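Geometric and topological summary
Each chain, written out:
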Amino acid sequence: MTAEQGGGATHLRVQRKAADKSWVTLDGPLSHRGGKRKEAPPAPLLPPQGPAFAGWSMGDVAGVARHHHVPCAFALSLLLFMAVEYTIPMVPSTSLPLDIGFILTKSLHSVLAANLALNTVLAALNTVFVGMQTLYILWTFVVEGRPRPTIAALFMFTCRGILGCSTQLPLPHGFLGSGVDFPVGNVSFFLFFSGHVAGAVIASLDMRRARRRGMAWAFDALNLLQSVRLLASRGHYTIDLAVGVGAGFVFDVLAGKYEESRWKPAGEHRQACCSGRSG
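None of these values were measured; they are calculated from a predicted model. (Residues numbered from 1 in each chain as written. Predicted model: local features only at pLDDT ≥ 70, side-chain atom pairs only at ≥ 80, totals over all residues. Heavy atoms only, no water.)

What sets the pattern is the α-helix's 3.6 residues per turn: residues three or four places apart point alike. Given a rise of 1.5 Å per residue, 27 residues ought to cover 39 Å, and the 38 Å separating the end C-alpha atoms of helix α5 (residues 116–142) matches this to within 8%. If you check which residues of α5 are buried, you get Asn119, Ala123, Asn126, Thr127, Phe129, Val130, Gln133, Tyr136, Ile137 and Thr140. In this structure, the buried side of α5 is in contact with α4 (106–114), α6 (148–166), α7 (195–209) and α8 (213–232). (Helix = DSSP H or I, 4+ residues; strand = E, 2+ residues; numbered from the N terminus. Expected span 1.5 Å × (residues − 1). Buried < 20%, exposed > 50% of the residue type's maximum accessible area, 1.4 Å probe, protein only. Contact = heavy atoms within 4.5 Å.)

So, on to the side chain of Arg234. With respect to the element layout, Arg234 can be found in the loop between α8 and α9 (238–261). For Arg234, which is buried and forms no salt bridge, the nearest opposite charge comes from Asp99, at a distance of 7.2 Å. Within the local environment of Arg234, its side chain forms a polar contact with the backbone oxygen of Leu231, the two atoms lying 2.6 Å apart. For Arg234, the residues in contact, after removing those within four places along its chain, are Phe102, Thr105, Lys106, His109, Pro172, His173, Gly174 and Phe175. (Lys, Arg positive; Asp, Glu negative; His and termini not counted. Salt bridge = Lys/Arg side-chain N within 4 Å of Asp/Glu carboxyl O. Polar contact = N/O pair within 3.5 Å; in protein donor to acceptor, adjacent residues only side chain to side chain.)

What follows concerns the pattern of salt bridges. Scanning the model with the defined rule gives 8 salt bridges in all. Notably, a salt bridge pairs Arg208 with Asp220, separated by 2.8 Å at the nearest N-O pair. Of the two residues, Arg208 is situated in helix α7 and Asp220 in helix α8; the sequence distance between them amounts to 12 residues. Owing to a relative accessible area of 30%, Arg208 belongs among the partly exposed residues under this scheme. Members of the salt-bridge network, linked through shared partners, are Glu144, Arg146, Arg148, Asp206, Arg209, Arg212 and Asp252.

Quick look at the packing of α6 against α7 now. One can describe the packing of α6 onto α7 by two numbers: an axis separation of 10 Å at closest approach and a directional angle of 160 degrees. Between α6 and α7, the crossing angle belongs to the class labelled roughly antiparallel. Both α6 and α7 take part in a crossing whose hand is right-handed. Where α6 approaches α7, its residues Arg148, Pro149, Ala152, Ala153, Met156, Phe157 and Arg160 are matched on the opposing element by Gly195, Ala198, Gly199, Ile202, Asp206 and Arg209. Here the residues of the contact of α6 with α7 are counted per class, giving 7 nonpolar, 2 polar and 4 charged. (Axes fitted to C-alpha atoms, helices over the stretch in contact; angles between N-to-C directions. Parallel < 35°, antiparallel > 145°, perpendicular 65-115°, else oblique. Left-handed = near helix turned anticlockwise from the far one by under 90°. Nonpolar A, V, L, I, M, F, W, Y, C, P; charged D, E, K, R; others polar.)

So, about unusual backbone geometry. Cis geometry is found at the peptide bond from Phe192 to Phe193, where omega equals 0 degrees. Secondary-structure assignment places Phe193 in the loop between α6 and α7. In this structure, Arg211 takes a positive phi of about 60 degrees despite not being glycine. The exposed category is assigned to Arg211, whose relative accessible area is 62%. Despite not being glycine, Arg234 has its phi angle at roughly 60 degrees, a positive value. Overall, Arg234 belongs to the buried group, its relative accessible area being 6%.

Next comes the structure, spelled out in structure tokens:
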């Protein structure tokens, strides 16, 4: 830790060792009263040097198109979907929802509807996969002392419960339930969004952080098969599964932010987190 004087404020520079064994430098100004850090003023809406586009040239614009393909593709997709949204026919309130996933899995749905024993077997295998997710997430916390996946799962299921209560979607037409499906007993459940998918994503992301890439790829493959089975059995709408994937990423990031906000001095943060002591 070092303190540097200059410009009427003292800057405190602290180095701590991050999880990847690299050193992270925290640098910020301190006021002279009580040692509290003085926050920087908000950034002006109009930069002092003028608007950014004033300095653009045709070469800069061409360079964006040449070197930043992904943002340019998103810009084109924005224009495309604006045209689609403003011209697509709306589904009447008296009609069934139009779901692309249901259309793509129509033949699989027919197979499961004609063979309920197969539907039950697939439901049981899916429940085993949910158990694998749960076991892994709890293992990382209870055995390995890494709470991030557990925190992410708690955040995720809390948000899912709030959204599920806020908007209760109708059960998809042709739903094929099973007594061995999770939640076991064929009881009621929230459709939006899929906790099956989000939980698998949270576990897979942690596996990659822990360099268990083989396990992560296996979970991703099982998650894909799970999604196909949920669509074929009409257990979820396509949007439930897509948002489930995004939710897994979002709540994993939020759990990481929470860990960072509770960071303790080197060597203390993990012990304090798992022992419940605060400092």
